[in-house]
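# Structure at a glance
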Amino acid sequence: MNGPAISMSAPDIDDDDVRAVEAALRSGVLGLGPQAEAFEQAAAWVAGTAHAVAVSSGTAALHAIVRALGIGPGDEVLVPSFTFAASLNAILYEGATPVFVDIEPDTYNLDPAQIERHRTGATRAVMVVDVFGHSAEWDAVEQAAEGLLLIDDCCEAIGARYRGRSLGSFGRAGAFAFYPNKQITTGEGGMIVTDDPELARICRSLRNQGRGEMGAWLQHERLGFNYRMDELSAALGVSQIARLDALLAKRARVAEMYSERLEGLDRVHVPVVRDHVTMSWFVYVVRLAANVDRDAVIETLAADGVPSRAYFSPLHLQPYVRELFPGTGTLAVTEQVATRTLALPFHGGLSEAQVDRVVGSLQAALDG
Ligand SMILES: *Cc1c(COP(=O)(O)O)cnc(C)c1O
């Protein structure tokens, strides 16, 4: 092995970030304060929405949205299986029924034609996911989902655009996430973005134990949660989101280095970015040809000091989901794609030499 260890992901923390957190720590206000408000304003600006509500995780953001929209028992919610568990869990927490839909074979986003196919009289909503930072096909989604509530799980896509319009502004509300592997981080954290003032108001109440916004501290209007974002996390968020463009540019540069080198390999498909989409690179996921033994590739890379992951592992095949919904049918594209996708090490700090090393190892693994 040569050169520094290559990690799967890494947060990008600079001196300004450290100073921002230290200032918040010394301010004496550690919860529900001005940093969260400033972070909300910046996030609303990025999403192009009128409102933003900072919460403790992306999962909390999705859950609060589902709850605030009144989605519950008896409601069916269409959701892709090729996503992170949080997209599904937000539906399950409220006792609604998920209906899994298949994906497009190139972008891995929910296939709009599947909405028409699976919608019934009980369908209330669609949980749209912008997978790996590539926007879903929103025009077709909106058309197919006419009359349904659209929620955007854009936790992997902050700063991405669809036909020039920012993700987060589509549907009734969107959710961003700030776990350390995301494009910007707050340690743990999430954000609800919406143009709907009533929805924003209810989400604010839900995150704060159901308190009314102006109400007394011990006045609880509804059953709520502690989904608040603390001031240390929010201060880091303010500092990080100010650098969003630069952080995304670094990631885009690494993605470009990968694609330039991998485009020539005939058993590797590089990520597809549609012409009308501006990607916000979350991960770099290639698709291996059907005749490649992916597990063997992962092992060979690991022996070479290069981490990689089979990613995503479809939700409808997870043990807890199979137990809950034993009758779930097959999702042909999802299942095909999921046996072949491979996430390579990816973050904005990867050097050209490190990318060369990963690509060299992958090439050797494929030839071996
Ligand atoms: C990261 C992520 C979330 C939220 O994750 P948290 O760890 O709760 O912040 C939700 N959906 C998707 C698709 C994600 O990638």
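Residues numbered from 1 in each chain as written. Predicted model: local features only at pLDDT ≥ 70, side-chain atom pairs only at ≥ 80, totals over all residues. Heavy atoms only, no water.

## So, the overall build of the chain
The helix and strand tally for the chain stands at 13 helices and 14 strands. Its C-alpha atoms give the chain a radius of gyration of 21 Å, within 12% of the compact-globule value 21 Å for 368 residues. Each of the 368 residues in the chain was classed as buried or not, and the buried ones make up 55%. Within the chain, counting contacts between residues at least 6 apart in sequence, those at least 24 apart form 70% of the total. Working note: accessible area of the chain is about 15,400 Å², and carbon and sulfur atoms make up 52% of it. Side chains of the chain carry 30 positive and 47 negative charges; the gap between the two charge centres is 3 Å. (Helix = DSSP H or I, 4+ residues; strand = E, 2+ residues; numbered from the N terminus. Rg over C-alpha atoms; globule rule 2.2 N^0.38 Å. Buried < 20%, exposed > 50% of the residue type's maximum accessible area, 1.4 Å probe, protein only. Contact = heavy atoms within 4.5 Å. Areas by Shrake-Rupley, 256 points an atom, 1.4 Å probe, with all protein chains shown as cover. Lys, Arg positive; Asp, Glu negative; His and termini not counted. Charge placed at Lys NZ, Arg CZ, Asp CG, Glu CD.)

## What about the sheet that holds strand 5 (residues 149–153)?
Across the sheet, which stays open at both edges, the seven strands sit in the order 1-9-8-5-4-2-3 with mixed pairing between neighbours. Each edge of the open sheet carries a strand with a single partner, namely strand 1 (51–55) and strand 3 (97–101). When strand polarity is set aside, the average angle formed by the axes of neighbouring strands in this sheet is 20°. Relative to strand 3, strand 2 (residues 76–80) is paired through five bridges, and the arrangement is parallel. Residue pairing in the sheet places Leu-78 in a bridge with Val-99 of strand 3. Each of strand 2, strand 3, strand 4 (123–129) and strand 5 touches helix 4 (residues 85–93); the most contacted strand, strand 3, lies at about 150° to it. (Pairing = 2+ DSSP bridges. Axes fitted to C-alpha atoms, helices over the stretch in contact; angles between N-to-C directions.)

## Quick look at the sheet that holds strand 11 (residues 277–278)
By way of backbone hydrogen bonds, the strands of a sheet pair with one another, either parallel or antiparallel. Ordered in space as 7-6-11, the three strands form an open sheet in which the pairing is antiparallel. Each edge of the open sheet carries a strand with a single partner, namely strand 7 (165–166) and strand 11. For strand 6 (residues 161–162) and strand 11, the ladder comprises two bridges, and the chain directions are antiparallel. Considered in strand 11, the bridge of Arg-161 is made with Thr-278.

## Details of the pairing of strand 9 (residues 190–194)
In terms of burial, strand 9 is a largely internal element, five of the five residues being buried. Burial along strand 9 is two-sided: Gly-190, Ile-192 and Thr-194 and Met-191 and Val-193, pointing in opposite directions, are all buried. As judged from the five bridges shared by strand 1 and strand 9, these two strands associate in the antiparallel manner. Residue pairing for strand 9: Ala-54 is matched across the bridge by Met-191. In the sheet, strand 8 (residues 173–177) pairs with strand 9 via four bridges, with the strands oriented antiparallel. Looking at strand 9, one finds that Phe-176 is bridged to Met-191.

## Quick word on the site of the ligand
Taken together, Ser-57, Gly-58, Thr-59, Leu-62, Thr-83, Phe-84, Ala-86, Asp-153, Cys-155, Glu-156, Ala-177 and Lys-182 make up all the residues around the ligand. Take Gly-58: an N or O atom from its main chain is 2.8 Å from an oxygen atom of the ligand. Side-chain polar atom of Glu-156 to an oxygen atom of the ligand: 2.5 Å apart, as the coordinates give it. Out of a free accessible area of 390 Å², the ligand has 92% covered by protein chains. No other element matches helix 3 (residues 58–68), which puts three residues into the shell around the ligand. Counted by class, the shell around the ligand contains five nonpolar, four polar and three charged residues. (Near = heavy atom within 4 Å. Polar contact = N/O pair within 3.5 Å; in protein donor to acceptor, adjacent residues only side chain to side chain. Nonpolar A, V, L, I, M, F, W, Y, C, P; charged D, E, K, R; others polar.)

## Let's talk about unusual backbone geometry
Here the residue pair Tyr-311 and Phe-312 is connected by a cis peptide bond, since its omega of -10° sits within 30 degrees of zero. By the element assignment, Phe-312 lies in the loop between strand 13 (309–310) and helix 11 (319–324). Of note, Phe-132 is a non-glycine position whose phi angle comes to about 60°, a positive value. With respect to the helices, strands and loops of the structure, Phe-132 is situated in the loop between strand 4 and helix 6 (138–144).

## As for a nonpolar patch on the surface
Together, Leu-32, Trp-217 and Leu-218 line one region of the surface with nonpolar side chains, adding up to about 370 Å² of accessible area. As for its position among the elements, Trp-217 is in the loop between helix 7 (197–207) and helix 8 (231–241). (Patch = residues over 30% accessible without salt bridge, like charges linked within 9 Å, V, L, I, M, F, W, Y side chains within 5 Å. Salt bridge = Lys/Arg side-chain N within 4 Å of Asp/Glu carboxyl O.)

## Comments concerning the packing of helix 10 (residues 294–303) against helix 13 (residues 352–367)
Here helix 10 crosses helix 13 at 135°, and the two axes come no closer than 9 Å. Classified by the angle between their axes, helix 10 and helix 13 sit oblique to one another. Here helix 10 runs over helix 13; the crossing is right-handed. In this structure, helix 10 contributes Val-297, Thr-300 and Leu-301 to the contact, and helix 13 contributes Val-358, Ser-361, Leu-362, Ala-365 and Leu-366. Of the residues contributing to the contact of helix 10 with helix 13, the split by class is six nonpolar, two polar and no charged. (Parallel < 35°, antiparallel > 145°, perpendicular 65-115°, else oblique. Left-handed = near helix turned anticlockwise from the far one by under 90°.)

## Here's the deal with the packing of aromatic side chains
Considering all chains together, one arrives at 15 aromatic pairs under this definition. Measuring from ring centre to ring centre gives 5.9 Å for Tyr-162 and Phe-170, while their planes differ by 80°; the resulting arrangement is edge-to-face. Each member of the pair, Tyr-162 together with Phe-170, is buried. By the ring-pair criterion, three or more aromatic residues cluster together here, those being Phe-82, Tyr-108, Phe-132, Tyr-311 and Phe-312. Here Arg-165 stacks its cationic end above the ring of Phe-170, 3.8 Å away from the centre of that ring. (Phe/Tyr/Trp six-rings, centres within 6.5 Å; stacked < 30°, edge-to-face > 60°. Lys NZ or Arg CZ within 6 Å of the ring centre and 35° of its normal.)

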